[in-house]
Amino acid sequence: MGVPNYPSSNLNIDIKHLKTISALAEQGSLAGAALAQNLTQSALSHQLKELETRLNLELYLRKSRPLVLTAAGQQLLNLARQVLPALALTERQLQALHSGDAGRLHLALDCHSCIQWLLPLLPDFRRQWPGVDLEVESVPGFDAISALLGGQLDLLLTSDVQARGDLHFEPLFAFDLTMVMASDSRLCHKTQIEPIDLLQEVLLVYPVERARMDVFSRFLQPAGVEPARCKPVDNTSVMLQMAAAGLGVAALPRWASEEFVRQGLLESRPLGQGIRRHMYGAVRAADRDQACLQSLFERIRAKMGA
């Protein structure tokens, strides 16, 4: 079956239509989408009907609960997810030009201990880029990737890469995970820590789901081993002090514990044959060449030895 030859004027799709289809997908109902768009349900229904008439296609299944988009509606939603973040970004950039400011850099850390090396870099960065409105979110309690795509975030420091065309993951540096323990721990005689060694240990962990912790996903779970107990600790400094006091052991990037190890307060051992991860700066693909971002990336590489 051939594609209908509609007059080009009938296929005009407005930004308001993309916002509406996006709201429909997010809210799951006409009433919810209308509220999100500050429209009456009647006005939103009229807008959708007008677009469906232009396209000669239905965009959603009537009487579906929650609302289900048709193939045509899904195609418009895919377009909305590309266009709306790009539009929001352009609006911010134009506003920055209008105000004479260099813009905003809102970054988040997907790593509790990253704040330890990041904060010392920021004073010099701010002196170089005084017009950048810099904000730092330490271990956000929200979906950081969605916030990045939606424009609420501009940079995410993470060790997890996702293969997608709308994001760019800038390689920054490699790092090793190590197990840290008190200097009198029974594990100190070992040259490397094996999963079975944790059967009798209290494992100090950050309060996040296990799937996000390498000590579980890359070390314990493949061996089918569970530590004696897990103790959530939401602060790296407290975690290190607890480990030094013999209240548990912790798997941390080497940078997090090196000062405690240097002072003889902790011992550090590799996990098995070693677990190496890489840190990336996740940004929207359209922003990857921004000068202030590249400047920050260069400072991170210089600091962390990449």
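Data block above holds the structure.
In this numbering scheme, every chain counts its residues from 1 along its sequence in written order. Thresholds applied to this predicted model are a pLDDT of at least 70 for local features of residues and 80 or more for the giving and counting of side-chain atom pairs; totals over whole chains, interfaces and linings are not thresholded and use all residues. Only hydrogens and water are set aside; all other atoms, that is, all heavy atoms of the structure, feed into the side-chain values.

Visitor: Quick question: what am I supposed to make of the packing of helix 1 (residues 15-27) against helix 3 (residues 41-55) here?
Guide: Each pair of packed helices can be described by the angle between their axes along with the distance between the axes. Throughout, an axis means a line fitted to C-alpha atoms (over the contacting stretch in the case of helices), and angles, computed between N-to-C directions, take values from 0 to 180 degrees. Strands here mean DSSP runs of E at least two residues long; helices mean DSSP runs of H or I at least four residues long; both are numbered from the N terminus. Here helix 1 crosses helix 3 at 115°, and the two axes come no closer than 11 Å. Judged on the interaxial angle alone, helix 3 and helix 1 are roughly perpendicular. Crossing of helix 1 over helix 3 shows left-handed handedness. Taking contact as the criterion, the partners of K16, H17, T20 and L24 in helix 1 are, on helix 3, L44, Q47, L48, E50, L51 and R54. Polar here means any residue other than Ala, Val, Leu, Ile, Met, Phe, Trp, Tyr, Cys and Pro, which are nonpolar, and Asp, Glu, Lys and Arg, which are charged; Gly is therefore polar. The residue inventory of the contact of helix 1 with helix 3, partitioned by class, reads four nonpolar, three polar and three charged. Small angles under 35 degrees read as roughly parallel and large ones over 145 as roughly antiparallel, with 65 to 115 read as roughly perpendicular and the rest as oblique. By definition, any crossing whose near helix is turned counterclockwise from its far helix by less than a right angle is left-handed, and any crossing with a clockwise turn is right-handed. Whether two residues touch is decided by their heavy atoms; if any such pair falls within 4.5 Å, the residues are in contact.

Visitor: Please clarify how the nonpolar core should be interpreted in this entry.
Guide: Nonpolar side chains tend to gather and get buried jointly when the protein is soluble and globular. Judged by nonpolar contacts, the single largest core of 58 residues is most densely connected at W117, M179 and W255. The biggest single contributor to this core is strand 4 (residues 167-182), with seven residues. Not counting the four nearest positions on each side in its chain, W117 is found in contact with L157, F173, W255, I300, K303 and M304. Counting 20 residues, the second-largest nonpolar core is a separate cluster that includes L44, L48, L69 and L76. Put simply, buried Ala, Val, Leu, Ile, Met, Phe, Trp, Tyr and Cys residues joined by side-chain atoms within 4.5 Å make one nonpolar core. Each residue is placed in one exposure class: buried if its accessible area under a 1.4 Å probe, protein chains only, is under 20% of its type's maximum, exposed if it is over 50%, and partly exposed if it falls in between.

Visitor: Got a minute to help me understand the pattern of salt bridges in this structure?
Guide: Between side chains of opposite charge, a pair can form as their charged atoms come close. Salt bridges are counted wherever a side-chain nitrogen of Lys or Arg sits within 4 Å of a carboxyl oxygen of Asp or Glu. A complete count under the given rule lists 18 salt bridges for this structure. A salt bridge links R301 to E170; its shortest N-O distance comes to 2.6 Å. Residue R301 is found in helix 11 (residues 291-304), and its partner E170 is found in strand 4; the two are separated by 131 residues along the sequence. The partner of R186 in a salt bridge is E201, with the nearest N and O atoms 3.0 Å apart. With R186 in the loop between strand 4 and strand 5 (202-205) and E201 in the loop between strand 4 and strand 5, the pair connects residues that are 15 residues apart, well separated along the chain. By relative accessible area, R186 is classed as partly exposed at 41%. A relative accessible area of 11% means that E201 is categorised as buried.

Visitor: Which parts of the structure should I look at to understand the layout of surface pockets?
Guide: Where empty space is left in the structure can be found by rolling a water-sized probe over the atoms. Space inside and on the surface of the protein is sampled on a 1 Å grid over the protein atoms alone, with a cavity defined as a set of points where a 1.4 Å probe fits but cannot get out and a pocket as an open set with protein on both sides within 12 Å along at least 5 of 7 lines; lining residues have an atom within 4 Å of a point. Grid points are joined across faces, edges and corners, and a volume is the space filled by probe spheres set on the points. Size it by volume and the largest pocket reaches roughly 770 Å³. Lining the largest pocket are 32 residues, and of these A80, R81, L84, P85 and L149 lie nearest its centre. Elements that contribute at least two residues to the lining of the largest pocket include exactly helix 1, helix 4 (71-99) and helix 7 (144-150). Counting residues per element, the lining of the largest pocket draws most heavily on helix 4, which supplies 14 residues. A per-class count over the lining of the largest pocket returns 15 nonpolar, ten polar and seven charged.

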